[in-house]
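Listed below are the residues making up each chain.
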Amino acid sequence: MNQDGYELVIGLEVHVELNTKNKMFCNCSTDYFGQPANTHICPVCLGLPGALPIINHEAIQSCMKIGLALNCTVAENSRFERKNYFYPDLPKGFQISQYRWPLCTGGWLEVSDMNGQANKIRINRVHQEEDTGKLTHSNRNSLVDYNRSGIPLVEIVTEPDFHDVESVRDYAKKLQQIFRSLGVSNADMEKGDMRLEANVSVRPVGSQELPDYRVELKNINSFRFMVAAIEYERSRQIAALEKGEELTQETRGWNEEKKETYLQRGKEEAHDYRYFPEPDLPELQVASQVVQIKKEMPELPEAKIRRYKQDLSLPQSAAQVLASDSNLSKVFETALEISAGKLTALTVANKLINSQNGASLLPEKVVQDLLTSKEGLIEDNNEISKLAQEAIKENAQVAEIYRKGKLTAIQSLIGVVMRKSQGKADAAKVKETLEKLLNSES
Amino acid sequence: MRQPKSDLQNSQNIEHVAKLANLPLSNAELAIYSEQLDKIIDYINQLNQVDTKGVEPTFSVREITNVFQTGEQNQSLTATEALQNAPVHKDNFFVTKGIFED
Ligand SMILES: [Zn+2]
């Protein structure tokens, strides 16, 4: 069987629970984690007759932030709709969601594939909806807790632009970093803050057409299992196609014991949600708020990586580690500022990256430790001078820029020397030496 | 105009709609509702004859936009209050017939 003649075609749907103070359509508190069942509920999120929803502005703003971070356009007119189905965790008999008028559309995110190549994944939509309650199974009964019912949920849908598992992994990781740096969700997969669904099919390599079927992988609550399920589906679907079998639209889950996917719902049982506009909620016209929201948005990981590389001369790997964790990057930047030029960016970065809990260190302590412990520091003037000369020679352009008056260019040269010394050179001395060399040679 | 449908098609439609609405219907009821649904569809078809090209649909009778929560938190119901009309409940939970995800 030729597995190589085929390629995966995957589209992803990610749901993320927002960390707003209130629920999506009522004033109930969202702070229910670890609390007794059915204590954070009201007539609205219990779906009692006559209860009327009111939109949570904070959630809409978070949804727009996510959309903007993913390069989407915020719609001039957006609307909620009712998605109708029956399940005990959905007390109203419908979920308030968006369908024909999503809040954000048409974005993209760049991810790396298995060859380390960057590809743009097109984002179809980022829309706002509400979460359901939680079911626990006990003997022959199901127990229902509605504390989670009505928690704001954002759904992000991509085009079928993924062709390998590495890209899926990178996408999920980048989304998680974006949610966390925007501060809109804790995005903890284990706690169910962030959930992944994949639409998977395969096609012959070289084909540009979308397969006429897709298998929906659902209710898989661990990223590791999702990857395993996609790999399994790849083999299963290729084997079926090679045997001349026809694949159809279906929903499958993951059985971790047997390490295989299993049929949950076939084509004939496909849902018919009968969406229609939610008559109890007015239209949203929030595109004019985009300018203000953009101002409030923090620097995103991709931009941070770029800045660390360009302005601070950090190597890609270090920039990536620091930028991927907003707490860690905060400690890094504060420490660098406190050190007031006495330490290089690379020295501080290395110290934090090599600490087990860099994100929880006190920046003052980091600087103090680095400045007082001269252990292992290269203080030998000749040694530093040699490295500095090398650095200037290899980066003649940067040296020229410095000499023309852009004094901050020296940071980049300090970075080179620090890398050459593997972070062991005394940064203050490096700076001093470089200045001396640069000014005397001009 | 709508094509006339066989009785079988009608009752299949009704069964599908009843299933979506989670309603258990007897055969006698299926027959009654088939006939009623027919009339409703006829009526809708009559409405469909009106030329609405270029007319914006109305989704809400109140022409307002951007109505948001005030931000304050309200006192949630207590579990006792919430559960008082539930046919079966146990330890703060609503109890329902077992639903198993396969
Ligand atoms: Zn509520």
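About the cut-offs
Residues numbered from 1 in each chain as written. Chains lettered and ligands numbered in written order. Predicted model: local features only at pLDDT ≥ 70, side-chain atom pairs only at ≥ 80, totals over all residues. Heavy atoms only, no water. Domains from an automatic or database assignment. Patch = residues over 30% accessible without salt bridge, like charges linked within 9 Å, V, L, I, M, F, W, Y side chains within 5 Å. Areas by Shrake-Rupley, 256 points an atom, 1.4 Å probe, with all protein chains shown as cover. Salt bridge = Lys/Arg side-chain N within 4 Å of Asp/Glu carboxyl O. Helix = DSSP H or I, 4+ residues; strand = E, 2+ residues; numbered from the N terminus. Buried < 20%, exposed > 50% of the residue type's maximum accessible area, 1.4 Å probe, protein only. Contact = heavy atoms within 4.5 Å. Buried area = accessible area lost by both parts, 1.4 Å probe. Polar contact = N/O pair within 3.5 Å; in protein donor to acceptor, adjacent residues only side chain to side chain. Pairing = 2+ DSSP bridges. Core = buried A, V, L, I, M, F, W, Y, C linked by side-chain atoms within 4.5 Å. Axes fitted to C-alpha atoms, helices over the stretch in contact; angles between N-to-C directions. Parallel < 35°, antiparallel > 145°, perpendicular 65-115°, else oblique. Left-handed = near helix turned anticlockwise from the far one by under 90°. Nonpolar A, V, L, I, M, F, W, Y, C, P; charged D, E, K, R; others polar. Phe/Tyr/Trp six-rings, centres within 6.5 Å; stacked < 30°, edge-to-face > 60°. pLDDT = per-residue confidence, 0-100. Disulfide = S-S within 2.5 Å.

*Asks:* Just checking my understanding: could you explain the domain arrangement of chain A for this structure?
*Replies:* Many analyses report the size of an interface as the accessible area lost when the parts associate. Domain annotation for chain A reports domain 1 (3–293) and domain 2 (307–441). In this structure, domain 1 of chain A and domain 2 of chain A have C-alpha centres spaced 43 Å apart.

*Asks:* Can you help me understand a nonpolar patch on the surface in this one?
*Replies:* Residue and element names in this part refer to chain B. Together, Ile40, Tyr43, Ile44 and Leu47 make up an exposed nonpolar region whose accessible area comes to about 390 Å². Looking at the secondary structure, you find Leu47 in helix 2 (residues 27–48). Under the relative-accessibility criterion, Leu47 is labelled partly exposed at 45%.

*Asks:* Would you mind going over the interface of chain A and chain B with me for this structure?
*Replies:* Between chain A and chain B, the contact holds 52 residues from the first and 33 residues from the second. Around 3600 Å² of area is buried between chain A and chain B when both sides are counted, 55% of it from carbon and sulfur atoms. The tally of links from chain A across to chain B stands at 0 salt bridges. In this structure, the connection of chain A to chain B is made through 14 residue pairs in polar contact (both at pLDDT 80 or more). No other element matches strand 8 (residues 141–145) of chain A, which puts 5 residues into the side of chain A that touches chain B. Two strands pair when backbone bridges link them, and strand 8 of chain A and strand 2 (residues 93–97) of chain B are joined in this way by 4 bridges, in the antiparallel orientation. The residue of strand 2 of chain B that forms the bridge with Leu143(A) is Val95(B).

*Asks:* Is there a simple way to think about the nonpolar core in this case?
*Replies:* A general tendency of soluble globular proteins is for nonpolar side chains to be buried together. Core analysis: the biggest nonpolar cluster contains 87 residues, and Ile60(A), Ile66(A), Leu70(A), Val126(A), Ile156(A), Tyr171(A) and Ile230(A) have the highest contact counts within it. Among all residues touching Tyr171(A), those that are not within four sequence positions of it are Leu12(A), Val14(A), Leu109(A), Val111(A), Ile123(A), Ile156(A), Thr158(A) and Phe162(A).

*Asks:* Help me understand the packing of helix 5 (residues 301–312) of chain A against helix 7 (residues 326–338) of chain A, please; the structure alone is not making it clear to me.
*Replies:* A pair of packed helices can be characterised by two numbers: the angle between their axes and the separation between those axes. All names here are of chain A. Where helix 5 contacts helix 7, the two axes come as close as 13 Å, and the packing angle between them is 25 degrees. By the criterion of interaxial angle, the relationship of helix 5 to helix 7 is roughly parallel. Handedness of the crossing formed by helix 5 with helix 7: left-handed. Of the residues in helix 7, those in contact with Lys304, Arg307, Tyr308 and Leu312 of helix 5 are Ser329, Phe332, Glu333 and Leu336. Its residues assigned to classes, the contact of helix 5 with helix 7 comprises 4 nonpolar, 1 polar and 3 charged.

*Asks:* Where do I start with the packing of aromatic side chains in this structure?
*Replies:* Any pair of aromatic rings gets described here by the distance separating the centres and the angle formed by the planes. Within this structure, the stated rule accounts for 9 aromatic pairs over all chains. Taking 5.1 Å as the distance between ring centres and 65 degrees as the angle between the ring planes, the aromatic pair formed by Trp101(A) and Phe59(B) counts as edge-to-face. Of the two residues, Trp101(A) sits in the loop between strand 4 (94–97) and strand 5 (104–112) while Phe59(B) sits in the loop between helix 2 and helix 3 (79–83), which places them in two different chains. Classification of Phe59(B) by relative accessible area gives partly exposed; the value is 25%. A ring pair is formed by Tyr308(A) and Phe332(A), whose centres lie 5.2 Å apart and whose planes are at 70 degrees; its orientation type is edge-to-face.

*Asks:* In this structure, what is going on with the pattern of salt bridges? I would like to understand it.
*Replies:* Think of it this way: side chains of opposite charge can pair up when their charged atoms draw near. Residue and element names in this part refer to chain A. Taken as a whole and judged by the stated rule, the model has 28 salt bridges over all chains. Across the pair Arg195 and Glu17 runs a salt bridge, and its minimum N-O distance is 3.2 Å. Taken together, the residues span a long stretch of sequence, with Arg195 in strand 10 (residues 194–204) and Glu17 in strand 1 (residues 6–17) at a distance of 178 residues. A salt bridge links Arg195 to Asp131; the nearest nitrogen and oxygen atoms lie 2.6 Å apart. Placement of Arg195 in strand 10 and of Asp131 in the loop between strand 6 (118–130) and strand 7 (134–138) is noted, with a sequence separation of 64 residues between them. On the accessibility criterion, Arg195 (25% relative accessible area) is partly exposed.

*Asks:* Hey, could you run me through the side chain of Glu283(A) in this one?
*Replies:* Mapped onto the fold, Glu283(A) is located in the loop between strand 14 (276–277) and helix 4 (290–296). A polar contact is formed between the side chain of Glu283(A) and the side chain of Gln285(A), at a distance of 2.9 Å. If sequence neighbours within four positions are ignored, Glu283(A) has contacts with Asn77(A), Ser78(A), Arg79(A), Ile64(B), Thr65(B) and Asn66(B).

*Asks:* Sorry if this is basic, but what is going on with the confidence of the model for chain B here?
*Replies:* On average, residues of chain B carry a pLDDT of 83, and 86% of them reach 70 or more. For this predicted complex, the interface confidence comes out at an ipTM of 0.83, alongside a pTM of 0.80.

*Asks:* What's the story with the state of the cysteines in this structure? I'm lost.
*Replies:* By definition, a disulfide links two cysteine residues through a covalent bond between their sulfur atoms. All names here are of chain A. Summed over all chains, the structure comprises 0 disulfides over all chains. As a non-bridged cysteine, Cys72 has Cys104 as the owner of its nearest cysteine sulfur, 5.7 Å distant. With relative accessibility at 8%, the residue Cys72 sits in the buried group. Here Cys104 stays free of any disulfide, with the sulfur of Cys63 as its closest cysteine sulfur at 4.7 Å. By relative accessible area, which is 0% here, Cys104 ends up buried.

*Asks:* Explanation requested: the sheet that holds strand 14 of chain A in the structure shown.
*Replies:* Pairing between the strands of a sheet comes from backbone hydrogen bonds, and it takes one of two forms, parallel or antiparallel. Residues and elements named next belong to chain A. A sheet is described by the order of its strands in space; here 3 strands give the open sequence 4-3-14, paired in antiparallel fashion. Every other strand in the sheet has two partners, leaving strand 4 and strand 14 as the edge strands with one partner each. Two elements, strand 3 (residues 81–84) and strand 14, share 2 bridges in a ladder whose sense is antiparallel. Bridge pairing links Glu81 to Pro277 in strand 14.

*Asks:* What should I look at first to understand the pairing of strand 6 of chain A in this one?
*Replies:* As a general feature of sheets, a regular strand has side chains that alternate between the two faces. All names here are of chain A. Relative to strand 6, strand 5 runs antiparallel, the two being bridged by 8 bridges. Following the sheet pairing, Trp108 is matched in strand 6 by Arg122. Turn length for the strand 5-strand 6 hairpin, with the two strands adjacent in sequence and antiparallel, is 5 residues, and the turn residue Gly116 shows positive phi of about 75 degrees. Looking at chain direction, strand 6 and strand 9 (residues 152–158) are connected through 7 bridges and run antiparallel. By the bridge assignment, Ile123 is partnered in strand 9 with Thr158.

*Asks:* Is there a simple way to explain the packing of helix 10 (residues 381–394) of chain A against helix 12 (residues 409–420) of chain A in this structure?
*Replies:* Residue and element names in this part refer to chain A. Taken N-terminus to C-terminus, the directions of helix 10 and helix 12 make an angle of 125 degrees; their axes are 9 Å apart at the nearest point. Our classification of the angle between helix 10 and helix 12 gives oblique. When the axes of helix 10 and helix 12 are compared, the crossing they make is right-handed. Listed contacts from helix 12 to Leu387, Ala388, Glu390, Ala391 and Glu394 of helix 10 are Leu413, Val416, Val417 and Lys420. Of the residues belonging to the contact of helix 10 with helix 12, the class tally is 6 nonpolar, no polar and 3 charged.

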